Amino acid sequence: LSQFFRWYEQAGTPRVIAEARHDPHTRSLELTLEQSAPATPGQQTTLPLHIPLGIGLVGPDGEELPLDLEGTGALNAPLIELTEQKQVFRFRNLPRKPVVSLNRGFTAPIQLTLNATPAEQIFQMAHDRDSFNRWEAGQMRSKALILAAIAGSPAPADVAAYAGALERVLKDATVDQAFKALMLGLPGEAEIAAAIGRDVECVVLARAVKW
């Protein structure tokens, strides 16, 4: 547990940048993960942490795909472990590109950036079986739409796609009512202000979300 103990020795929230690339010819998905931590007083350099990440691969029909990891085979548990500054995980037997659902269940307290497209985020909202990632995808899409509204106006197709994903969640009888209420919530003013790099008055945000 010596590496895992760095969680207690190093300050700051670690960041993980994830990039997924699918190759239809080799029927594989290459997931590259790179971790970093911010410099803090008395700690200008940091060492790699041991970061466990819950993972799922969601197929085009919303089904959970097998986790066939090169060098390991079928995973006994839906979990990968990032222990180096940069690692590559290669999943096999994937003829079509799946949507990557990473850090499921918030297995690690990190700031995650994944190269997911708006369409993939909408898909996650509608289909991901992991409640945390489903909510996170909704928050990212709603924030993007609010920022677009502040800048001018969001594309009608983007708004319609977001509304359609929300409709699917609300009509899903297997989804808890409390979670449905969470999915309807929008990002707070402080988060929007941080995203545009300046303070935003309440009245400005209210006008922006009228779409």
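Residues numbered from 1 in each chain as written. Predicted model: local features only at pLDDT ≥ 70, side-chain atom pairs only at ≥ 80, totals over all residues. Heavy atoms only, no water.

1. Considering a nonpolar patch on the surface
Then comes step 1: Together, L1, F4, F5 and Y8 make up an exposed nonpolar region whose accessible area comes to about 540 Å².
Then comes step 2: Judged by relative accessible area, F5 falls into the partly exposed class, the value being 46%. (Patch = residues over 30% accessible without salt bridge, like charges linked within 9 Å, V, L, I, M, F, W, Y side chains within 5 Å. Areas by Shrake-Rupley, 256 points an atom, 1.4 Å probe, with all protein chains shown as cover. Salt bridge = Lys/Arg side-chain N within 4 Å of Asp/Glu carboxyl O. Buried < 20%, exposed > 50% of the residue type's maximum accessible area, 1.4 Å probe, protein only.)

2. Things to note about unusual backbone geometry
Leaving glycine out, the prevailing phi sign among residues is negative, and the prevailing peptide bond configuration is trans.
Then comes step 1: Phi at N93 takes a positive value of approximately 60°, unusual for a residue other than glycine.
Then comes step 2: Within the fold, N93 resides in the loop between β7 (86-91) and β8 (99-102).
Then comes step 3: Of note, the phi angle at N103 is positive, near 60°, even though the residue is not glycine. (Helix = DSSP H or I, 4+ residues; strand = E, 2+ residues; numbered from the N terminus.)

3. Concerning the packing of helix α3 (residues 131-151) against helix α5 (residues 177-184)
Then comes step 1: Closest axis-to-axis distance for the α3/α5 pair is 9 Å, and the angle between their directions is 25°. The orientation of α3 with respect to α5, classified from their angle, is roughly parallel. Residues S131, R134 and W135 of α3 form the contact with α5, whose own contacting residues are F179, L182 and M183.
Then comes step 2: By residue class, the composition of the contact of α3 with α5 is four nonpolar, one polar and one charged. (Axes fitted to C-alpha atoms, helices over the stretch in contact; angles between N-to-C directions. Parallel < 35°, antiparallel > 145°, perpendicular 65-115°, else oblique. Contact = heavy atoms within 4.5 Å. Nonpolar A, V, L, I, M, F, W, Y, C, P; charged D, E, K, R; others polar.)

4. Side note on the nonpolar core
Then comes step 1: Judged by nonpolar contacts, the single largest core of 24 residues is most densely connected at L31, L33, I80, F91 and L102.
Then comes step 2: For this core, the elements supplying multiple residues, two or more each, are β1 (15-23), β2 (28-36), β3 (51-58), β6 (79-82), β7 and β8.
Then comes step 3: Here the element with the most residues in this core is β3; it accounts for four residues.
Then comes step 4: Membership of the second largest hydrophobic core comes to 13 residues, among which are I122, M125, Y162 and V175. (Core = buried A, V, L, I, M, F, W, Y, C linked by side-chain atoms within 4.5 Å.)

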